[in-house]
Every structure is written in C-alpha cells, then in structure tokens.
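The residues making up each chain are set out below.
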Amino acid sequence: QVQLVESGGGLVQPGGSLRLSCAASGITFNMYAMGWYRQAPGTQRDFVATITSGGSTMYSDSVKGRSTISRDNVKKTVFLEIKNLKPEDTAVYYCKAAKYGLEYWGKGTPVTVSS
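In short, a report on the structure. Source: prediction; values computed, not measured.

The next point concerns unusual backbone geometry. Here Lys76, not a glycine, exhibits a phi torsion of approximately 55 degrees, which is positive. With respect to the helices and strands, Lys76 occurs in the loop between strand E7 (67-72) and strand E8 (77-82). What makes Lys76 partly exposed here is its relative accessible area of 34%. With a phi close to 45 degrees, Tyr100 is a non-glycine residue in the positive phi region. Along the polypeptide, Tyr100 turns up in the loop between strand E9 (91-99) and strand E10 (102-105).

Structure follows, in structure tokens:
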C-alpha cells in the first residue's frame, strides 16, 4: 500500500533551520508531484511548497526565499529545508503525493519554533 512517512520535525529556536524528509513507498515516485503543507492549531491546512515530477518548484509567499524543496527519485524521498524559522512556522507539516487526481498524504511531523 502507499505510505508517506515524514520525519525531521521537532523544537527549533527562532532563526534556526530544519530539514524535513518524506519517504514514499508503494508509488512510482518519479511520476508524482510532491508537496509540503502545514497546519497550525485551529487553522486550515495550507500549501507550503511543491516540486513536480520534472523538478519545477513553487513556494508559498510565507516561506519563499528561505525555503528549498528537493527530491531524490532514487531514494523516493522529498525534502523541505526552511531557514530563518519564525514562531509562525510552528505547525504540523504534511507531505503529499499527487498525480492525475490521485492524492496521498502522510501523517505529518510537528515543528515547533520557540525559544
């Protein structure tokens, strides 16, 4: 079955950085667009970044300029690096795989930005 497993979350101080990973199994990874979303308590899930099967990237305004999404098709893993973290980056970060209307989600990894 399809599994997306996020890792790399945790407690980070403001101004710090982190790198999230999402390992996929059960899909032909290189055919899927991969994305990162986040959901803070009491809010809706919001788009963060996406990378197409061809490697094109797009970012939300909230992380543009301090975030990099990348993928390793051999390891079937997508990464999200965010620098200069802010308290408002605190959320559960989710990974999504999408292709032609099919969507799969991971269970999320929590990130807390606090001193």
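Let us keep going from here.
Quick look at the packing of aromatic side chains now. Tallied over the entire structure, the rule returns three aromatic pairs. Centre to centre, the rings of Tyr37 and Phe47 are 5.7 Å apart; their planes meet at 75 degrees, and the pair counts as edge-to-face. With a gap of 10 residues between them, Tyr37 in strand E4 (residues 33-39) and Phe47 in strand E5 (residues 46-51) connect regions that are remote in the sequence. Ring geometry for Tyr37 versus Trp105: centroids 5.0 Å apart, planes at 65 degrees, classification edge-to-face. Here Tyr37, found in strand E4, pairs with Trp105, found in strand E10; they are 68 residues apart in sequence, far enough to count as distant.

Glancing now at the pattern of salt bridges. Applying the stated criterion across every chain yields a total of four salt bridges. For Lys64, the salt bridge identified is with Asp61, shortest N-O distance 3.3 Å. Each member of the pair Lys64 and Asp61 is classed as exposed. Ionic contacts of the salt-bridge type, sharing partners, join the residues Arg38, Arg66 and Asp89 into one network.

As for its placement among the helices and strands, Cys95 is situated in strand E9. With 22 residues separating them along the chain, Cys95 and Asn73 place their C-alpha atoms 15 Å apart. Excluding anything up to four places from it in sequence, Cys95 contacts Leu4, Glu6, Cys22, Met34, Gly35, Trp36, Val78, Tyr104, Trp105 and Gly106.

Okay, the state of the cysteines next. Here is the idea: a disulfide is a covalent bond, and it sits between the sulfur atoms of two cysteines. This model, assessed by the stated rule, comprises one disulfide. Across the disulfide from Cys22 sits Cys95; the S-S distance is 2.1 Å. When the S-S torsion is -80 degrees, as for the bridge of Cys22 with Cys95, the disulfide is left-handed. Of this pair, Cys22 sits in strand E3 (residues 18-25) while Cys95 sits in strand E9, placing them 73 residues apart in sequence. The exposure classification of Cys22 matches that of Cys95, with both residues buried.

Cut-offs and rules
Residues numbered from 1 in each chain as written. Predicted model: local features only at pLDDT ≥ 70, side-chain atom pairs only at ≥ 80, totals over all residues. Heavy atoms only, no water. Helix = DSSP H or I, 4+ residues; strand = E, 2+ residues; numbered from the N terminus. Buried < 20%, exposed > 50% of the residue type's maximum accessible area, 1.4 Å probe, protein only. Phe/Tyr/Trp six-rings, centres within 6.5 Å; stacked < 30°, edge-to-face > 60°. Salt bridge = Lys/Arg side-chain N within 4 Å of Asp/Glu carboxyl O. Contact = heavy atoms within 4.5 Å. Disulfide = S-S within 2.5 Å.

Distances and angles like these do not, on their own, reveal function.
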